[in-house]
Amino acid sequence: MHSAKLRDRRQCGILLSSFGQVLNFAQTRYSKAYDQYRKALEYLRPLGDSHDLAWLYSHIGYYWFDMGHTKKAERYMRIAYNMIKRVRKQVDKDQASYQERGMVVSQGMTQMSFMTDRFMGCIQSSLGILYTDIGRAEEAIQYHTECLELRQIIYGFHPTLGSCYNNLSEAYEKSGDLGRALETARIGMRIKKYFIKDPSNAVIESLITVARLTTKTGGDSSYALGLLREAYEMRRELGLPHMQAAEILHDIGMIWYRRGIYQKSVEAFQGAIVMLGQIESTSRQRGDNLRMLGLSLQANGQITDAAEKLTNSIQEQERIPDGERTEEDAVKFATTCNELKVAERQLQYAGLKISRR
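## Quick look at the pattern of salt bridges
For the structure on display, the rule yields 21 salt bridges. We note a salt bridge from Asp-322 to Arg-325, for which the minimum N-O separation is 3.1 Å. Several salt bridges share partner residues, and in doing so they unite Glu-170, Glu-173, Arg-212 and Lys-216 into one network.

See below:
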């Protein structure tokens, strides 16, 4: 009876955790996802270390990452990582004990070993993504490399390797090695397209990365635009609104801005801001797009509107929690303030006033 109750408790926790992951993955229902995670913790935490609890902590960490709270994200991801290492150690100990006694390792134990490695790779990947985002590129490269090597062992040639290469490319990009980043991203995109023929978040991710790196390395911007349009159409088929769509529109805007076609960059950044308004987004994301919209408007001769958007960008950047601000955030904030001063001087010269909506 006691065993049955524990099994039911575990199953309830897993179901709540899985439902939360679905809501989080949709990138439009973050707060409801967190509610499911909290309920799942109530069921799983009393049962002690397990794959399921480590997996849940990892997803709670990724929830906080999506919300822009990187310190909370790291704390939960580290809890997950340390727990899955303890589980791995216990699995190895149990298998060694069986072998020492001349017993055959059961199929269940083999499956347990596989699941441990699978979850370990996912948690390594999450940590790598987090460290890339906060500028700790060397740690990101380490975790993504370990994830790639582990998945090559447990899966062989497999579609999940595409995401490993894509994530690794973003870490190389953050480290400043753009050539290696682009080369790695292309490998990831080829692997994904080899295995995945239907619209997919994973393929969209690679299309975005290769497009961005192509432009950053001085490559063919028309080719990059083609990749982004392919990504947006794929995202549209999968469903809108979505964070990926906002990212695509932002990157399209950046290409038009660099080309000097400012009306098109204005339209793209406006689209990204509308998309972010339809989902749960962060102040950092909104601030970045408002800044680029302001600069595009300024370059297009719409100085009053530009000053308003730059002001809105500064307001969003100020909403980033103190403990979550990075050096990159500080540089961007100072840059935006200077850009606003330029716009205000232009308005002053023309005898106009800035709108403070």
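Further notes follow.
## Structural notes on the side chain of Gln-317
On the secondary structure map, Gln-317 appears in helix H14 (residues 303-318). One polar contact links the side chain of Gln-317 to the main-chain amide nitrogen of Phe-333, over a distance of 3.2 Å. What Gln-317 contacts, discounting residues up to four positions off in sequence, is Arg-325, Asp-329, Lys-332, Phe-333 and Thr-336.

## Quick notes on the packing of aromatic side chains
Inspection of every chain in the model, using the stated rule, returns 13 aromatic pairs. Summarising the aromatic geometry, the rings of Tyr-257 and Tyr-262 are spaced 5.6 Å apart at their centres and angled 65 degrees between planes, so their arrangement reads as edge-to-face. Feature note: the residues Tyr-34, Tyr-63 and Trp-64 constitute an aromatic cluster, connected by ring pairs. Lying across the ring of Trp-64, Lys-72 places its NZ or CZ 4.2 Å from the centre. Cation over ring: Arg-118 sits above Trp-55, and NZ or CZ is 6.0 Å from the ring centre.

## Overview of a nonpolar patch on the surface
Nonpolar side chains collect at one region of the surface, where Phe-157, Tyr-194 and Phe-195 lie side by side and expose about 340 Å² of accessible area between them. Inspection of the secondary structure assignment puts Tyr-194 in helix H8 (residues 178-195). With relative accessibility at 54%, the residue Tyr-194 sits in the exposed group.

## Section: the nonpolar core
By size, the foremost hydrophobic cluster in this structure holds 69 residues, and its most contacted members are Leu-56, Ile-60 and Trp-64. Those residues in contact with Trp-64 that sit more than four places away from it in its chain are Tyr-34, His-69, Lys-72, Ala-73 and Tyr-76. Judged by nonpolar contacts, the second largest core, of 15 residues, contains Leu-295, Leu-297, Ile-303 and Ala-307.

What counts, and where the lines are drawn
Residues numbered from 1 in each chain as written. Predicted model: local features only at pLDDT ≥ 70, side-chain atom pairs only at ≥ 80, totals over all residues. Heavy atoms only, no water. Salt bridge = Lys/Arg side-chain N within 4 Å of Asp/Glu carboxyl O. Helix = DSSP H or I, 4+ residues; strand = E, 2+ residues; numbered from the N terminus. Polar contact = N/O pair within 3.5 Å; in protein donor to acceptor, adjacent residues only side chain to side chain. Contact = heavy atoms within 4.5 Å. Phe/Tyr/Trp six-rings, centres within 6.5 Å; stacked < 30°, edge-to-face > 60°. Lys NZ or Arg CZ within 6 Å of the ring centre and 35° of its normal. Patch = residues over 30% accessible without salt bridge, like charges linked within 9 Å, V, L, I, M, F, W, Y side chains within 5 Å. Areas by Shrake-Rupley, 256 points an atom, 1.4 Å probe, with all protein chains shown as cover. Buried < 20%, exposed > 50% of the residue type's maximum accessible area, 1.4 Å probe, protein only. Core = buried A, V, L, I, M, F, W, Y, C linked by side-chain atoms within 4.5 Å.

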